[in-house]
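Structural overview
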Amino acid sequence: MNITLIGMAGAGKSTIGKALAKRLDYTFIDVDRLITDRTGMPLQVLIDKQGDSALLRFEEEAILGLGQVDNCIISPGGSVIYSEKSMVYLKNISKVFFLDASFRSIARRIPNARRRGIVGLRDRSLKELFEERLVLYNKYADFSVKIRGKENIQGIVDRVIRLCFMVES
């Protein structure tokens, strides 16, 4: 079984994903890292040079190219929900968890959003993107985990594990 973490940049997908992978002895797959390794460019440079659509294309290719993975924690970029193909694939191979952090929390965690490689920031504000994506994250998530402020990472990991394996607390 695999677990996919979706949510906005700054929600904690990588931090929580790494902690979850360590706890479960799973492999951590950072899709943004797969893209930067493949293109040789940081995400923002890729967007600046080739546009949002190029990043979305590389993201979809990286996800659909995962193949048969097992016992993995998959952390795609926040824009993954713009690709129905990617989300259908991820839902077929994993349980999808939406890390639901407030806009205030996201804005605080990524003060340099315009340099972060976030699809859509050329045309919309971070708040507009947040509101647009919230609907899609909820659409595709099997489970939603509310992220509360400066919550303990292990507490979030515990909640994901409980939900994933339906273990009573």
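For clarity, every value in this text was computed on a predicted model and none was experimentally measured. (Residues numbered from 1 in each chain as written. Predicted model: local features only at pLDDT ≥ 70, side-chain atom pairs only at ≥ 80, totals over all residues. Heavy atoms only, no water.)

**Thoughts on the side chain of aspartate 100**
Our working definition: Numbering of helices and strands starts at the N terminus; helices are DSSP runs of H or I of at least 4 residues and strands are runs of E of at least 2. Burial status follows relative accessibility: with a 1.4 Å probe on protein chains alone, a residue under 20% of its type maximum counts as buried, one over 50% as exposed, and anything between as partly exposed. Here a residue-residue contact requires only that any non-hydrogen atoms of the pair lie within 4.5 Å.
Looking at the element boundaries, aspartate 100 is found in strand E4 (residues 94-101). Residue aspartate 100 is classed as buried on the basis of its relative accessible area of 12%. Setting aside anything within four residues of it in sequence, one finds aspartate 100 in contact with Leu134, Ser144, Val145, Lys146 and Ile147.

**As for the layout of surface pockets**
Applicable threshold: Lining residues are those with an atom within 4 Å of a point, where the points come from a 1 Å grid over the protein atoms alone and group into cavities, where a 1.4 Å probe fits but cannot get out, or pockets, open sets with protein on both sides within 12 Å along at least five of seven lines. Grid points are joined across faces, edges and corners, and a volume is the space filled by probe spheres set on the points.
For the largest pocket, the calculated volume is near 430 Å³. As for the largest pocket, its lining consists of 26 residues, of which Ala9, Lys13, Ser14, Asp32 and Arg116 are closest to the centre. Looking at the lining of the largest pocket, the elements that each hand over two or more residues are helix H1 (13-24), helix H2 (31-39) and helix H4 (52-64).

**Some words on the pairing of strand E1 (residues 2-6)**
Definition in use: Two strands are counted as paired when DSSP detects at least two bridges linking them.
Extensive coverage of E1 is indicated by the burial of 5 of its 5 residues. Burial along E1 is two-sided: the residues Asn2, Thr4 and Ile6 and Ile3 and Leu5 are all buried. As paired strands, E1 and E4 are joined by 5 bridges and run parallel to one another. When the sheet's bridge partners are listed, isoleucine 6 is paired in E4 with phenylalanine 98.

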